[in-house]
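Fold and contact review
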Amino acid sequence: MSDQKRRNFLKLGLIGAAVGLVKPFKASELVAKSFETKIDGPIVISTWNHGLAANAAAWEVLRVGGNAIDAVEKGVRVTESDLTNRSVGIGGMPDRDGHVTLDACIMDHESRCGSVAFLEGIGHPISVARSIMDKTQHVMLVGAGAKKFALEQGFDTIKTPIPEVKAEYKKWKKENQDLFKKPEINHENHDTIGLIAMDKKGNLSGACTTSGWAYKMHGRVGDSPIIGAGLFVDNEIGAACATGLGEAIVRIAGSHTVVELMRHGYSPMDACRLAVERIISKHKDLTNLQAGFIAIDKNGVVGSYSVYNGFNYALKTDTEEKIVDAPFNRNW
Ligand code: ASP
């Protein structure tokens, strides 16, 4: 190691030690901040407007004392079943070769997790991810292997793209030469559902499912099925999930970053904000780069943040059911 490198290394070590000495404040001390709510009892939050219907299904499980892991799966299955949804499930947009490839992951309060990516023609990727978690020794299966597993488990097959989507794809193919352009922000082709829940026992779980970036390259996988990027749960600390440009979210291990920031004392909103600021600092060109996070900490505090305005999430508690506009870094 050169002297300069050693000096930098030592400097980092000293900073680390200093950080260790700072007493982290409790997330609940920041509840008074705007955009943050502390909630008693079960909570479900999920990304975008389609979260309302997903939350309602998850609530059916939580209301009667069910487990968060069952609630999150049941919730996002509603979005996956919605054939009018062009960004989640079998109604989703295809890649540039005409294939609808689905990504999903799930994680529970014991840090058990399952994930599936590049899966075609199966209606509920989230339940395939759950089966991988429950029935195999693995975390992630992709492509043909994931499909084989899903078929062995008795999941139904569905022909994709569905006819309406196929027609849209054909039109797009004719009109679009610029295959490498970024998706438009806050557009329907960019609306993963990430859903996180706290149950009556105070346990946290999360689920995330998407058809990904419309007209992506064949084989592309975004953040959504990547544990730590699209979703992360640590039952001692909190849970977070992401939506937006997956490549940007993966680059900073987004959801894990949010949870780690909460571990170091940041409130859910501040943790989401710092993760967004990290994304911003790592990208010179922020054109169309939307990314947003939602988070719940162990105290039942909820927060969110996005790069641009336009991101919202759905919240369901014992007393409320609503859409909340996320705070953001900049206008577009
Ligand atoms: N994060 C997803 C992906 O990049 C897209 C989205 O959130 O809409 O695949």
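Shown above is the structure to which this text applies.
None of the values given here were measured: they were computed from a predicted structure.

Next up on the list: the environment of Tyr 313. As for its position among the elements, Tyr 313 is in strand 12 (residues 312-316). Through-space distance from the C-alpha of Tyr 313 to that of Ala 326 is 7.1 Å; in sequence the pair is 13 residues apart. If near-sequence neighbours (up to four positions away) are discounted, Tyr 313 is found in contact with Ile 45, Ser 46, Thr 47, Trp 48, Ile 294, Val 302, Ser 304, Lys 322, Ile 323 and Val 324.

A few words now on the pattern of salt bridges. Under the criterion given, the structure shown has 15 salt bridges. For the salt bridge of Asp 70 with Arg 130, the shortest nitrogen-to-oxygen distance reads 2.9 Å. Here Arg 130 lies in helix 4 (residues 125-135) and Asp 70 lies in helix 3 (residues 68-81), a separation of 60 residues in the sequence. For Asp 70, a relative accessible area of 32% translates into the label partly exposed. One salt bridge in this structure joins Asp 270 and Arg 273, with 3.2 Å as the shortest N-O distance. In this pair, Asp 270 and Arg 273 are both assigned in helix 9 (residues 268-282), 3 residues apart and thus about one turn of the helix distant. Three or more residues are tied together by salt bridges with common partners; here these are Asp 70, Glu 73, Asp 108, Arg 112, Arg 130 and Asp 134.

Before going further, it helps to examine the nonpolar core. Formed by 51 residues in total, the largest nonpolar core has its most connected members in Ile 45, Val 258 and Phe 293. When residues in this core are grouped by element, the largest group, 7 residues, is from helix 9. Counting 31 residues, the second-largest nonpolar core is a separate cluster that includes Val 61, Ala 68, Leu 119 and Val 128.

Mapped onto the fold, Gly 202 is located in the loop between strand 6 (193-198) and strand 7 (204-210). When its relative accessible area of 15% is taken as the criterion, Gly 202 is described as buried. Measuring from C-alpha to C-alpha, the distance between Gly 202 and His 109 comes to 9.4 Å, with 93 residues separating the pair along the chain. Those residues in contact with Gly 202 that sit more than four places away from it in its chain are Asn 235 and Lys 298.

Structurally, the position occupied by Ser 205 is in strand 7. On the basis of relative accessible area, Ser 205 is assigned to the buried category, the value being 1%. Once the C-alpha coordinates of Ser 205 and Glu 110 are considered, the two residues, 95 residues apart in sequence, prove to be 8.9 Å apart. A polar side-chain atom of Ser 205 sits 3.3 Å from the main-chain amide nitrogen of Ile 69.

Our next topic: helix 4. When you tally the buried positions in helix 4, you get 9 out of 11 residues, the bulk of the element. For helix 4, the full list of buried residues reads Pro 125, Ile 126, Ser 127, Val 128, Ala 129, Arg 130, Ser 131, Ile 132 and Met 133. On its buried face, helix 4 is in contact with helix 3, strand 3 (102-107), strand 4 (113-119), strand 5 (140-142), helix 5 (143-152) and strand 7.

Spatial ordering of the open sheet is given by 5-4-3-7-6-2-12-13, a layout of 8 strands whose pairing is mixed. Looking along the sheet, the strands with just one partner apiece sit at the ends: strand 5 and strand 13 (321-325). Averaged over all adjacent pairs, the angle separating strand axes in this sheet is 10°, with direction ignored. Here strand 4 runs beside strand 5; their pairing, made up of 3 bridges, is parallel. Pairing of Ala 117 across the sheet is with Val 142, part of strand 5. Its contacts with the sheet place helix 2 (residues 51-63) against strand 2 (43-47), strand 6, strand 12 and strand 13, and it is angled at close to 155° to strand 2. Contacts from helix 3 reach strand 3, strand 6 and strand 7 within the one sheet, and its direction differs from that of strand 7 by about 20°.

Parameters at a glance
Residues numbered from 1 in each chain as written. Predicted model: local features only at pLDDT ≥ 70, side-chain atom pairs only at ≥ 80, totals over all residues. Heavy atoms only, no water. Helix = DSSP H or I, 4+ residues; strand = E, 2+ residues; numbered from the N terminus. Contact = heavy atoms within 4.5 Å. Salt bridge = Lys/Arg side-chain N within 4 Å of Asp/Glu carboxyl O. Buried < 20%, exposed > 50% of the residue type's maximum accessible area, 1.4 Å probe, protein only. Core = buried A, V, L, I, M, F, W, Y, C linked by side-chain atoms within 4.5 Å. Polar contact = N/O pair within 3.5 Å; in protein donor to acceptor, adjacent residues only side chain to side chain. Pairing = 2+ DSSP bridges. Axes fitted to C-alpha atoms, helices over the stretch in contact; angles between N-to-C directions.

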